[in-house]
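Next come the chains, spelled out residue by residue.
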Amino acid sequence: MTINFEGVGHRYKKVIKDVYNKALEITGNNVDGLEATISFVDSATIRSYNKEYRQVDKETDVLSFPMLNINYSQKVSDFVEETLPNGALYLGDIVICKKVAKRQAKEYCHSLKREISFLALHGLLHLLGYDHIEKEDEVVMMEKSDEVLSSLGIKREKNV
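This structure is a prediction, so every number in the text was calculated from the model and none was measured.

Chemist: How should I be thinking about the overall build of the chain in this particular structure?
Modeler: Each helix and strand counted, the chain has five helices and four strands in total. Along the chain, from the amino end to the carboxyl end, the secondary structure elements read β-α-β-α-β-β-α-α-α. Taking 15 Å as the expected radius of gyration for a compact globule of 160 residues, we find that the chain reaches 15 Å, a close match to that expectation. Along the longest, intermediate and shortest principal axes, the C-alpha atoms of the chain span 45 × 35 × 35 Å. For the chain, buried positions account for 43% of its 160 residues. Contacts in the chain between residues far apart in sequence, at least 24 positions, make up 70% of those at least 6 positions apart. Surface summary for the chain: the accessible area is close to 8700 Å², and the carbon and sulfur share equals 47%.

Below, the structure is given as structure tokens:
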């Protein structure tokens, strides 16, 4: 998978790549040519995006902008007709507010690395069609999140 990083510091690029590769493997979506963009933005920017695209006038931790109309029972390989001329299948964009991530890491008593990993994964799962609108869908999404993160040794316990 090709990940376009914008505003993401070097220390988080490797862990995000590892999380994405494991998530694609676990969800059965590990195919050639996948591409996504992940950006770290400030509070004002994410608040503006949240207001514009979700009509919620407050900052949030992560937003996803999927390019495919997919649900988690489907696979990205079902969308080969969406492949770009350069051979890429663009999944979409993920935006994370690092300030909110820092606050949440403290609140949940775990490391910033764990919070960034969780938020980046959460965004990717949305691009892959997972959601948490219905309780049963939220359970599926959280189970996938836990499976991916625990397989990489990224735990919830206090390790700040």
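Here the narrative resumes, following the displayed structure.
Chemist: I tried to follow helix H3 (residues 98–107) on my own but got confused; where do I start?
Modeler: At 3.6 residues per turn, the α-helix brings residues three or four places apart onto the same side. Among the residues of H3, Val-100, Ala-101, Gln-104 and Ala-105 are the ones counted as buried. Projected down its long axis, H3 carries its buried residues within an arc of 140 degrees, all on one side. Turned more than 90 degrees from where H3 packs its buried face, Lys-99 and Lys-106 sit exposed. Within two residues after H3, Cys-109 carries a phi angle of roughly 60 degrees, on the positive side.

Chemist: I keep staring at the packing of aromatic side chains and nothing clicks. Help me out?
Modeler: Geometrically, a pair of aromatic rings is defined through the distance of the ring centres and the angle of the planes. Across all of its chains, the model carries five aromatic pairs by this definition. Between Tyr-49 and Phe-65, the ring centres sit 6.4 Å apart and the planes meet at 90 degrees, which makes this aromatic pair edge-to-face. Linking Tyr-49 in helix H2 (residues 43–54) with Phe-65 in strand E3 (residues 62–66), this pair joins segments that are 16 residues apart in sequence. Ring centres of Tyr-72 and Tyr-130 lie 5.0 Å apart, and the angle between their planes is 20 degrees; on these two criteria the pair is classed as stacked. Remark: Tyr-130 occurs in the loop between helix H4 (112–127) and helix H5 (135–151) and Tyr-72 occurs in the loop between E3 and strand E4 (89–97); sequence separation between them is 58 residues. Classification of Tyr-72 as partly exposed rests on a relative accessible area of 30%. Among the aromatic residues, those joined into a cluster by ring pairs are Tyr-49, Tyr-53 and Phe-65.

Chemist: Any chance you could explain the sheet that holds E4 here in plain terms?
Modeler: Within a beta sheet, neighbouring strands are joined by backbone hydrogen bonds and run either parallel or antiparallel to one another. Across the sheet, which stays open at both edges, the four strands sit in the order E1-E2-E4-E3 with mixed pairing between neighbours. Lying at the two open borders of the sheet, with one neighbouring strand each, are strand E1 (2–6) and E3. On average, adjacent strands in this sheet sit at an angle of 15 degrees to one another, irrespective of strand direction. Pairing geometry for strand E2 (residues 34–41) and E4, over eight bridges, is parallel.

Chemist: What should I look at first to understand the side chain of His-122 in this one?
Modeler: By secondary structure assignment, the location of His-122 is in helix H4. When near neighbours in sequence (up to four residues on either side) are disregarded, His-122 contacts Val-62, His-132 and Met-141.

Chemist: Would you take a moment to explain H4 for this structure?
Modeler: Relative to the 22 Å expected for 16 residues at 1.5 Å per residue, H4 spans 23 Å between its end C-alpha atoms, a close match to the ideal helical length. With respect to burial, H4 is a largely interior element, 14 of its 16 residues being buried. The first or second residue beyond H4 is Gly-129, which carries a positive phi of 100 degrees.

Chemist: Whenever I open this one, unusual backbone geometry confuses me. Can you help?
Modeler: Most of the time, phi is negative for any residue but glycine, and the peptide bond is trans. Even without glycine at this site, Gln-55 takes up a positive phi of about 60 degrees. Assignment of secondary structure puts Gln-55 in the loop between H2 and E3. Of note in the backbone geometry, Cys-109 takes a positive phi value of approximately 60 degrees without being a glycine. Residue placement: Cys-109 occurs in the loop between H3 and H4.

Each value, and the rule that gives it
- Residues numbered from 1 in each chain as written.
- Predicted model: local features only at pLDDT ≥ 70, side-chain atom pairs only at ≥ 80, totals over all residues.
- Heavy atoms only, no water.
- Helix = DSSP H or I, 4+ residues; strand = E, 2+ residues; numbered from the N terminus.
- Rg over C-alpha atoms; globule rule 2.2 N^0.38 Å.
- Buried < 20%, exposed > 50% of the residue type's maximum accessible area, 1.4 Å probe, protein only.
- Contact = heavy atoms within 4.5 Å.
- Areas by Shrake-Rupley, 256 points an atom, 1.4 Å probe, with all protein chains shown as cover.
- Arc of directions from axis to C-beta.
- Phe/Tyr/Trp six-rings, centres within 6.5 Å; stacked < 30°, edge-to-face > 60°.
- Pairing = 2+ DSSP bridges.
- Axes fitted to C-alpha atoms, helices over the stretch in contact; angles between N-to-C directions.
- Expected span 1.5 Å × (residues − 1).

Note that all results are geometric; they support no functional claim without further evidence.
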